[in-house]
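Per-entry structural report
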Amino acid sequence: MTALYRFQGVRVQRGERLVLDLPALDLGADGITALVGPNGAGKSTLLEVLAFLLPHGTGDLRFAEMPVTPALRAAFGRRAGLVAQRPYLFDRTVRGNVMLGLGLRGLTTALAAARTDDTLARLGIAALAERHAGSLSGGEAQKVAIARTLALEPEVLLLDEPFSHLDAGAIDDLVALIASLPDLGTRAVLFSTHDSDLAARLTSTIVNLVDGCAGLGALPNFFDGRLDAGEHIFDTGRLRVHVPDHVQRGTRIAIDPAHVVLSQTRLESSMRNVFQGRVLSLAEHGGEVLVTVDIGPRLQALVTHDALAAQALRPGGGIWVSFKSNAVRVY
Amino acid sequence: MSFFAESLRTGLGLIVGLDADLRQIVATSLFTSLTAVLLASLVAIPAGVLTALAGFRGKALLKHALNALMAVPTVVVGLVLYGLLSRRGVFGDYGLLFTPLAMIIGQTVLITPLIWNLVLTAVENRDPRLAFTCRALGANRRQQAMIVVHEARHALVAATILGFGRAIGEVGVAMMLGGNIEHHTRTMTTAIALETSKGAFALALALGVVLVVIALAVNLALSLLQGVRR
């Protein structure tokens, strides 16, 4: 599982402003990746760089292990497909929209028509084929825009805020569609969103973007598994985690690292999740220390420098890990 | 019966009876204006698209000039061209004055800035997401221009229709360059303006009715186009 993109010392400026600062970042692993960050964090700019529509400024960017140069950008651009935020649909039918993109690549009409029908069918929107683009709902338009790009068979599909301006039903629909894309043959899917819950519904590979800097996902402790709603226990296979009583269903949990308590001895407290483990590593993260603990699977805890000094944490040392059931989010 | 009602009745009779004079006048008008629209569109649509897509020095000046030209009274266009086409003018040797061709040239000059300006504005005001989407789909500059033209097609047709409306309804150019010569350069507007005073009020009124019907048809076509856009 290698990442398609490798950034090294990439800095992108818009005028005087530094919009992206990526000293070292690998992106585009197989499957789905979410880029999470507030508006203005540089998500759109990053996606344009990933789509090779924008030069990557200074620094080194590699795509499929080849350096991205101005001469190669057009060729690489055909391997990456970007669906813009609030995509523009051409003033023609849905079929016409998908056909147009294929026509730009020089496909014959017959070939383009076959590919169009196939793509619309795979995405479950064949019924929209003859509808005029102007008559579509927001969710339908988003799907058509995805079909239009997907028909070009990119290795990596980039979606800029695909869920913005959609109602809850359309969001559920689109989540299901995006989740199915890796199985439909798209090697890597990257999407941006300001909503970390939506990101978590689709993937555990999350990259946080704040002020143009990429960071570790805000919720790195992801575990897939099965919920026992009667016992209020989430079973990951290796861990049995107490979850809040009101949770009825879900297949993935995230444990907020800031709410994970580390101690040298077993704590007698109201915290229902208590595990014994071993410290694997310590790393500085945003002014605090990210402690990776092995409790069967790996779990990360975010502690202050003061707490670190008081606990005398060191790699290899034994440790107790505790967190309340309401520090667990279920998706 | 009043003079007006009597004349209207006679006039409608001319229309229903497809009066030969009336037919010829309407045909001259349509031929002149349609040819002018065709020629003007051939120049103004490509020019409008190109000047909208390209960034160049003097673009603001061009837009000001087009706006100003749209507002020039038709008689002034007629006057200037009269000076050029008359016997003593630069193009006097061609003997074009008081021919249908002179009217065509005049109307073409009159409506070219109008169509150019409308096309330029329509293409410039296209959705900013369009260009980005084209690039994201991998369109080169030529393909982008083709897509933009296709997206703006309703606006292009609308500009042409408005140009036709202005050409068919104007008097100044047709009068000064055509001269209202019977069976030759007599158009609906010049006939209405001049025949009335010669007592042919019923014919003028019939022509007025035809002109109003054409104006209504033009407006209907425009609103149908706007309906398609929605």
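Quick caveat, the model's predicted, so the values are computed rather than measured. (Residues numbered from 1 in each chain as written. Chains lettered and ligands numbered in written order. Predicted model: local features only at pLDDT ≥ 70, side-chain atom pairs only at ≥ 80, totals over all residues. Heavy atoms only, no water.)

**Some details on the overall build of chain B**
- Looking only at helices and strands, chain B features 11 helices and zero strands.
- Order of helices (α) and strands (β) in chain B, N terminus to C terminus: α-α-α-α-α-α-α-α-α-α-α.
- By its C-alpha atoms, chain B is 70 × 45 × 25 Å across when sized along the principal axes.
- Counting every position in chain B, which comprises 230 residues, the buried fraction comes to 44%.
- Contacts in chain B between residues at least 24 apart in sequence constitute 74% of all its contacts with a sequence separation of at least 6.
- For chain B, the accessible area works out to roughly 11,800 Å², and carbon and sulfur atoms hold 69% of it.
- On chain B, the mean spot of the 18 positive side-chain charges and the mean spot of the 10 negative ones are 15 Å from each other. (Helix = DSSP H or I, 4+ residues; strand = E, 2+ residues; numbered from the N terminus. Buried < 20%, exposed > 50% of the residue type's maximum accessible area, 1.4 Å probe, protein only. Contact = heavy atoms within 4.5 Å. Areas by Shrake-Rupley, 256 points an atom, 1.4 Å probe, with all protein chains shown as cover. Lys, Arg positive; Asp, Glu negative; His and termini not counted. Charge placed at Lys NZ, Arg CZ, Asp CG, Glu CD.)

**Digging into helix α2 (residues 70–77) of chain A**
All names here are of chain A.
- Taken together, the buried positions of α2 are occupied by R73, F76 and G77. Summarising the axial view, the buried residues of α2 lie within an arc of 95 degrees, below the 170-degree limit, and thus occupy one face. Turned more than 90 degrees away from the buried face of α2 sit A71 and A74, all of them exposed.
- Contact partners of the buried residues in α2: β4 (58–63), β5 (66–67) and β6 (80–83). (Arc of directions from axis to C-beta.)

**Description of the pairing of strand β1 (residues 5–14) of chain A**
Residue and element names in this part refer to chain A.
- Sheet topology note: the β1/β4 ladder contains five bridges and is antiparallel. Counterpart to Y5 in the pairing with β4 is F63.
- The pairing of β1 with strand β2 (residues 17–27) spans nine bridges and is classified as antiparallel. Considered in β2, the bridge of Q13 is made with L18.
- Here β1 hands over to β2 after two residues, with G15 in that stretch at a positive phi of 65 degrees. (Pairing = 2+ DSSP bridges.)

**Some remarks on the nonpolar core**
- Core analysis: the biggest nonpolar cluster contains 101 residues, and I146, F163 and I178 of chain A together with M188 of chain B have the highest contact counts within it.
- With 10 residues, helix α2 (residues 20–53) of chain B is the largest single contributor of residues to this core.
- When residues no more than four places from it in sequence are discounted, the contact partners of I146 of chain A are V83, L123, L157, L159, L174 and L177 of chain A.
- Counting residues in each nonpolar core, the second largest holds 32 residues, with F7, V12, L27 and L209 of chain A among its members. (Core = buried A, V, L, I, M, F, W, Y, C linked by side-chain atoms within 4.5 Å.)

**A short note on the domain arrangement of chain A**
All names here are of chain A.
- You can read the domains of chain A as domain 1 (5–216) and domain 2 (221–330).
- Between the C-alpha centres of domain 1 and domain 2 the distance comes to 34 Å.
- For the pair domain 1 and domain 2, the summed buried area comes to about 510 Å², and 57% of that belongs to carbon and sulfur atoms.
- Between R329 and D197 there is a salt bridge; the shortest N-O distance is 3.1 Å.
- In terms of residue count, helix α7 (residues 196–202) provides more of the side of domain 1 that touches domain 2 than any other element does, four residues in total.
- The class makeup of the residues in the side of domain 1 that touches domain 2 is four nonpolar, two polar and two charged. (Domains from an automatic or database assignment. Buried area = accessible area lost by both parts, 1.4 Å probe. Salt bridge = Lys/Arg side-chain N within 4 Å of Asp/Glu carboxyl O. Nonpolar A, V, L, I, M, F, W, Y, C, P; charged D, E, K, R; others polar.)

**Comments concerning unusual backbone geometry**
- The backbone phi angle of R86 of chain A is positive, close to 45 degrees, even though this residue is not glycine.
- Of note, R86 of chain A is situated in the loop between β6 and α3 (94–104).
- One non-glycine residue with positive phi stands out, namely F98 of chain B, at about 65 degrees.
- Topologically, F98 of chain B is positioned in the loop between α4 (74–85) and α5 (100–124).

**As for the sheet that holds strand β12 (residues 226–228) of chain A**
All names here are of chain A.
- Ordered by their spatial adjacency, three strands build an open sheet running β12-β13-β14, and the pairing between neighbours is antiparallel. Edge positions in the sheet fall to β12 and β14 (240–242), since each has one partner strand and no second. Taken pair by pair, the neighbouring strands of this sheet meet at an average axis angle of 25 degrees, ignoring direction. (Axes fitted to C-alpha atoms, helices over the stretch in contact; angles between N-to-C directions.)

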